[in-house]
Amino acid sequence: MDNSSKVREFVVENFLFGDGEKLRDDTSFMEEGIIDSTGILELVFFLEETFGFSVEDDELVPENMDSLQNIARFVGRKMNAGSTAEA
Amino acid sequence: MQVLQRRRRFRTEFEDAAFLKHLIFIMCGIVGICHIDGPDGVSLDGIKSMIGALCHRGPDETGVYLDDHVGLGHARLSIIDLSSGGQPIHNEDKSLWIVYNGEVFNYPELKKDLLQKGHRFYTTSDTEVVLHLYEEHGPDCLAMLNGQFAMAIWDAKKKELFLARDRVGIRPLYYTILNNTIIFGSEIKSIFMNENVARRIDPVAMDQIFTFWTTLTPRTVFKDIYELPPGHYMKSYRGKVTLKKYWDIPLYEHAEQSDMAPQEICRQVRELLQDAVRIRLRADVPVGCYLSGGLDSSGTTALVVKNFNSDVRTFGIRFDSGGFDEGEHQNLMVSYLNVNHTEMRATNEKIGAFLPDCLWHCEKPLLRTGPVPLFLLSDVVRNSGYKVVLTGEGADEVFGGYNIFREAKVRRFLAKYPNSQMRAELTGRLYPYIFNNPRLKRTLQSFFARGLDQIDDPIFSHFIRWENTSRIKAFFSQELNEAIGQYDGYDQVRQSLPDNFGRTDDFSRAQYLEMAIFMSNYLLSSQGDRVAMAHSVEIRLPFLDPRVMDFMARVPAKWKILGINEKHILKKSFEPILPKEITGRPKNPYRAPIKQSLLNDQTLEYTKEALSEESVKKAGLFDAGKVTKLLRKAQMVENLSEIDNMTLVGILSSQLIHRQFVRDFPLRNADPVVPALVVDRRSEALRAVS
């Protein structure tokens, strides 16, 4: 399963309780009321556990967390930064 | 015993003892049946079984009036005129008969006028005063009453039924119309004792509850069962039923508002509140006080102690969990006022175990567990020998205490410059307990920035709360969604608003919405009358005295919430009689634990059973697959989010309501009633028919 699919599955199971039909890649979690403040913390915990990076306080912004698309970009950047640092 | 057997399924062993103990009570409420089109006979047994379902409300005595058109029943909790106040009560020529639930606090003053006009009284009760006032003024008498009441008056000469309810809806009254017959009662269960009344969940009501936390008046969660809206009366005369509003929540335009200095406002508030407390201490039994440690109950208790009764008995709730418990401030007030205080510890186990019982009395799904500790507290009050308590409810609505008012003010402020970081910082001061995690700051600010382009919408102040609650509707079953169809609750609210709503200030509008929707049907019901009367305890609410409400409605918004300092006027008014630690503390909303109460060792089994795939499918209200996933998540996640907690209790309570009232309603098992007074005026012919 690729990274985007893992995130989608987590969001659908935990916040939509299985009903992911209408969840598009650019659906805003906030505007659609899919995730609230506590939910964001659950999401961050999941990202850190699954992908092994830390989310800094100043990264916890809607531009990184408010849709599957934004998360995918954010995860991609973090993973790249991680591999660059390792190299 | 069948009732017990059915309800025992939800119970754990330790609660049975407490439950059985309550059965020794016979239970103050009113019931009745009225044929709209003409005489059709009324059965004595039918009225008795309706009263039997309300035995918790009136344990002291029951009475019945019957003729060929109407049957009235009353279960009495004696508070005033212990010896002669039995109902139904009649006027001089016995042409008017009344059954009445509640209190009119200004009855001694009203009685003086009536005596001068030549009315004669055979009791010393407030009920008889209300009846004679009706005889003198008709429905206009309602505007003269300062109290909390629901009543039915039968005019045996005109053959006219009059039903009425107090201004804000402190006392309940429900009705249905079936085959040209009005069937009414203080609680819905009494109406359901008529086997011809269908017991069904109303899909639109479910949509309303899972948006507004309650139904919109006059709807109830049960199809075709309505509440008589607060501030309304109903008449049935010559085959026609009419409903009329006699009072509305006061709204004043800027030009009508007071230009008094804040110091003068506070002085007058103190005087009004003191008098509101004074007349609410009128009773032939001792009156206690609820004391939580918050500003409102501390203020009312201090007014009692310092002006009327330094020995007043007080009662308060304690929680296991620090986030909910107000013990520190409660203890401070007990020492400060030197009162005889009893605290009731609401453990998570007790809250969960008594939720089914509490729902039996609330008669509606709940999105919080807050009503349960209040249900448990009234039991302690009753066992301490008290039937009446003063409470601080209503202060947040009248004086502006709720976060939702401050939130709306900040969001309006933010809407002027949505990109301003400084303005956004204010949101953090609104909810310090959820903004205490700095990581969430930007996310939360985005959360409160939703809908900022909607500031002209009359429901702007409540939009975020209602939208958030609506998320739970994702759990509705397909069948329920189809039955709800295109119904739009927001539109119904917009259309129900009074003409001058748009001409008042933003804050008054938010207060109106809060009082019209949440206060009457949730706060005064599920956290008020219903959970107190479950143990035959009457609550009295000085902050909802109509004089206090009207005075505060004329106070400009800038003084009610100064900056974002809530209840500014009330805090200043109470400064001379309360310690600084109380007037200076930020509001701590009353809440009770949810997940910890419903999923602990003692309650997990009944929660799992009520939320099992089989139970959920049988009730047909929710999507069983999603409910299973929610339950799994709730068991796994340590800190369940606010919305998941609300979803959990919302679904569980709906399931239990369906089970207790639709599936397993104990139709033939009301408590046996032997009326102390039966006035039987039925003709022989119709007596035989009924």
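Conventions adopted
Residues numbered from 1 in each chain as written. Chains lettered and ligands numbered in written order. Predicted model: local features only at pLDDT ≥ 70, side-chain atom pairs only at ≥ 80, totals over all residues. Helix = DSSP H or I, 4+ residues; strand = E, 2+ residues; numbered from the N terminus. Rg over C-alpha atoms; globule rule 2.2 N^0.38 Å. Contact = placed C-beta atoms within 7 Å. Buried ≥ 20, exposed ≤ 12 C-beta atoms within 10 Å, placed from the backbone. Pairing = 2+ DSSP bridges. Axes fitted to C-alpha atoms, helices over the stretch in contact; angles between N-to-C directions. Nonpolar A, V, L, I, M, F, W, Y, C, P; charged D, E, K, R; others polar. Parallel < 35°, antiparallel > 145°, perpendicular 65-115°, else oblique. Left-handed = near helix turned anticlockwise from the far one by under 90°. Core = buried A, V, L, I, M, F, W, Y, C linked by C-beta atoms within 7 Å. pLDDT = per-residue confidence, 0-100. Expected span 1.5 Å × (residues − 1). Arc of directions from axis to C-beta.

Asker: Looking at this structure, I do not really get the overall build of chain A. What am I missing?
Answerer: From N to C terminus, chain A includes four helices and zero strands. In summary, chain A has a C-alpha radius of gyration of 13 Å against a globular reference of 12 Å for 87 residues, a match within 12%. Expressed as lengths along the three principal axes of its C-alpha atoms, the size of chain A is roughly 40 × 30 × 20 Å. Contacts in chain A between residues at least 24 apart in sequence constitute 60% of all its contacts with a sequence separation of at least 6.

Asker: Please clarify how helix α3 (residues 44-52) of chain B should be interpreted in this entry.
Answerer: A turn of α-helix holds 3.6 residues, and therefore any two residues three or four places apart point the same way. Turning to α3 of chain B, its buried residues are I47, K48, S49, M50, I51 and G52 of chain B. Buried residues belonging to α3 of chain B abut β1 (29-35), β2 (61-66), β3 (70-76), β9 (181-185) and α6 (188-192) of chain B.

Asker: I'm lost on the sheet that holds β1 of chain B in this one. Help?
Answerer: Sheet strands line up and pair through hydrogen bonds in the backbone, either parallel or antiparallel. Residues and elements named next belong to chain B. Across the sheet, seven strands lie side by side as β10-β8-β9-β1-β3-β2-β18; this open sheet has mixed pairing. Only two strands of the sheet have a single neighbouring strand rather than two, namely β10 (226-227) and β18 (677-680). Pairing analysis gives six bridges linking β1 to β3, with the strands arranged antiparallel. Bridge pairing in β3 links G29 to A75. Packed on one face of the sheet, α3 meets β1, β2, β3 and β9 and runs near 35° to β3.

Asker: How do you make sense of the interface of chain B and chain A when you look at a structure like this?
Answerer: Interface size is commonly expressed as the accessible surface area that is lost when the partners come together. Counting residues at the interface gives 23 residues for chain B, matched by 19 residues for chain A. Those elements giving two or more residues to the side of chain B that touches chain A turn out to be α18 (441-448), α19 (463-470), α31 (624-636) and α32 (642-663) of chain B. Class assignment for the residues of the side of chain B that touches chain A results in eight nonpolar, six polar and nine charged.

Asker: I tried to follow the packing of helix α8 (residues 262-280) of chain B against helix α24 (residues 546-553) of chain B on my own but got confused; where do I start?
Answerer: Helix packing geometry: the angle between the two helix axes and the distance between the axes. All names here are of chain B. Between α8 and α24, the least distance of the axes is 9 Å, while the angle of their chain directions is 160°. When the interaxial angle is binned, α8 and α24 end up roughly antiparallel. In this structure, the crossing between α8 and α24 has a hand that is left-handed. Where α8 abuts α24, its residues Q268, L272, L273 and A276 lie against R547, V548 and F551. A breakdown of the residues in the contact of α8 with α24 according to their chemical character gives five nonpolar, one polar and one charged.

Asker: How should I be thinking about the nonpolar core in this particular structure?
Answerer: One broad trend across soluble globular proteins is that nonpolar side chains are buried collectively. I98, V130, A152, L163 and V389 of chain B are the most contacted members of the largest nonpolar core, which has 187 residues in total. For this core, the leading source of residues is helix α22 (residues 506-523) of chain B, giving ten residues. Excluding its chain neighbours within four sequence positions, the residues that come into contact with A152 of chain B are I30, G32, L72, V99, L161, L163 and F184 of chain B. Membership of the second largest hydrophobic core comes to twelve residues, among which are V7, F15, L60 and I71 of chain A.

Asker: Please clarify how the confidence of the model for chain B should be interpreted in this entry.
Answerer: The predicted structure's coordinates, where accompanied by low pLDDT, should not be read in detail. All names here are of chain B. Per-residue confidence for chain B gives a mean pLDDT of 90, with 91% of residues at or over 70. Note that pLDDT drops below 50 for residues 1-27; the model gives that stretch 32 contacts with residues more than four away or on any other chain. The complex model carries a pTM of 0.90, and its ipTM stands at 0.73.

Asker: Is there a simple way to explain the pairing of strand β13 (residues 287-290) of chain B in this structure?
Answerer: Sheet faces and side chains relate simply in a regular strand, where the side chains alternate between the two faces. Residue and element names in this part refer to chain B. Residues V287 and C289 point to one face of β13 and G288 and Y290 to the other, with burial holding for every one of them. Here three bridges tie β13 to strand β16 (residues 388-390), and the two strands are oriented parallel to one another. Looking at the pairing, C289 lines up with L390 of β16. Bridge analysis of β13 against strand β14 (residues 313-319) gives two bridges, and the strand direction is parallel. Bridged to Y290 within β14 is F315.

Asker: I keep staring at the sheet that holds β16 of chain B and nothing clicks. Help me out?
Answerer: Residues and elements named next belong to chain B. Spatial strand order, β15-β14-β13-β16-β17: five strands in an open sheet with parallel pairing. The outermost strands of the open sheet, each flanked by one partner alone, are β15 (340-346) and β17 (538-540). Between one strand and the next, the sheet's axes are offset by a mean angle of 30°, whatever the strand orientation. Looking at chain direction, β16 and β17 are connected through three bridges and run parallel. The residue of β17 that forms the bridge with V388 is E538.

Asker: Would you mind showing me how to read the packing of α22 of chain B against helix α23 (residues 525-533) of chain B here?
Answerer: Residue and element names in this part refer to chain B. Between α22 and α23, whose axes approach to 5 Å, the crossing angle comes to 25°. Relative to α23, α22 is oriented roughly parallel. In contact with N521, Y522 and L523 of α22, α23 contributes S525, S526, Q527 and G528. Class assignment for the residues of the contact of α22 with α23 results in two nonpolar, five polar and no charged.

Asker: Sorry if this is basic, but what is going on with α31 of chain B here?
Answerer: All names here are of chain B. With 13 residues, α31 ought to run about 18 Å at 1.5 Å a step, and its terminal C-alpha atoms sit 19 Å apart, in line with that. Turning to α31, its buried residues number three or more, namely K626, V627, L630 and L631. Down the axis, α31 shows its buried residues gathered within 140° of arc, on one side only. In α31, the exposed residues that point more than 90 degrees away from the buried face are R632 and M636. Tucked inside the fold, the buried residues of α31 contact α29 (604-610), α30 (613-619) and α32.

Asker: Would you mind going over the environment of Y107 of chain B with me for this structure?
Answerer: Residues and elements named next belong to chain B. Here Y107 lies in helix α4 (residues 107-116). Remark: the alpha-carbon pair of Y107 and L145, spanning 38 residues in sequence, is separated by 7.8 Å. Beyond its immediate chain neighbours, meaning those up to four positions away, Y107 contacts D126 and V129.

Asker: So what exactly am I meant to see when it comes to unusual backbone geometry here?
Answerer: Of all residues except glycine, most have a negative phi; of all peptide bonds, most are trans. Residue and element names in this part refer to chain B. The linkage connecting Q87 with the following residue, P88, adopts the cis geometry, with an omega of 5°. The topology assignment puts P88 in the loop between β3 and β4 (89-90). Residue P218 follows T217 across a cis peptide bond; omega there is 10°. Tracing the backbone shows P218 in the loop between α7 (203-212) and β10. A positive phi is found at R238, a non-glycine position, where the angle reads about 50°. If you trace the backbone, R238 turns up in the loop between β11 (232-237) and β12 (240-245). What makes R238 exposed here is the crowd of 10 C-beta atoms within 10 Å.

Asker: In this structure, what is going on with the pairing of β1 of chain B? I would like to understand it.
Answerer: Residue and element names in this part refer to chain B. By the criterion of burial, β1 is predominantly enclosed, with seven of the seven residues buried. Pairing of β1 with β9, which is carried by five bridges, proceeds in the antiparallel orientation. Bridged to G32 within β9 is F184.

Asker: Honestly, the environment of E13 of chain A in this entry has me stumped. Any pointers?
Answerer: If you trace the backbone, E13 of chain A turns up in helix α1 (residues 3-15). Ignoring any residue separated from it by four or fewer positions in sequence, one finds E13 of chain A in contact with G18 of chain A together with K629 of chain B.

Asker: Where do I start with the environment of S236 of chain B in this structure?
Answerer: Residues and elements named next belong to chain B. Within the secondary structure, S236 is located in strand β11. Sequence separation between S236 and P250 is 14 residues, and the spatial gap between their C-alpha atoms is 28 Å. Not counting residues within four places of it along the chain, the set of residues in contact with S236 comprises C34, I36, E160, L161, I182 and V241.

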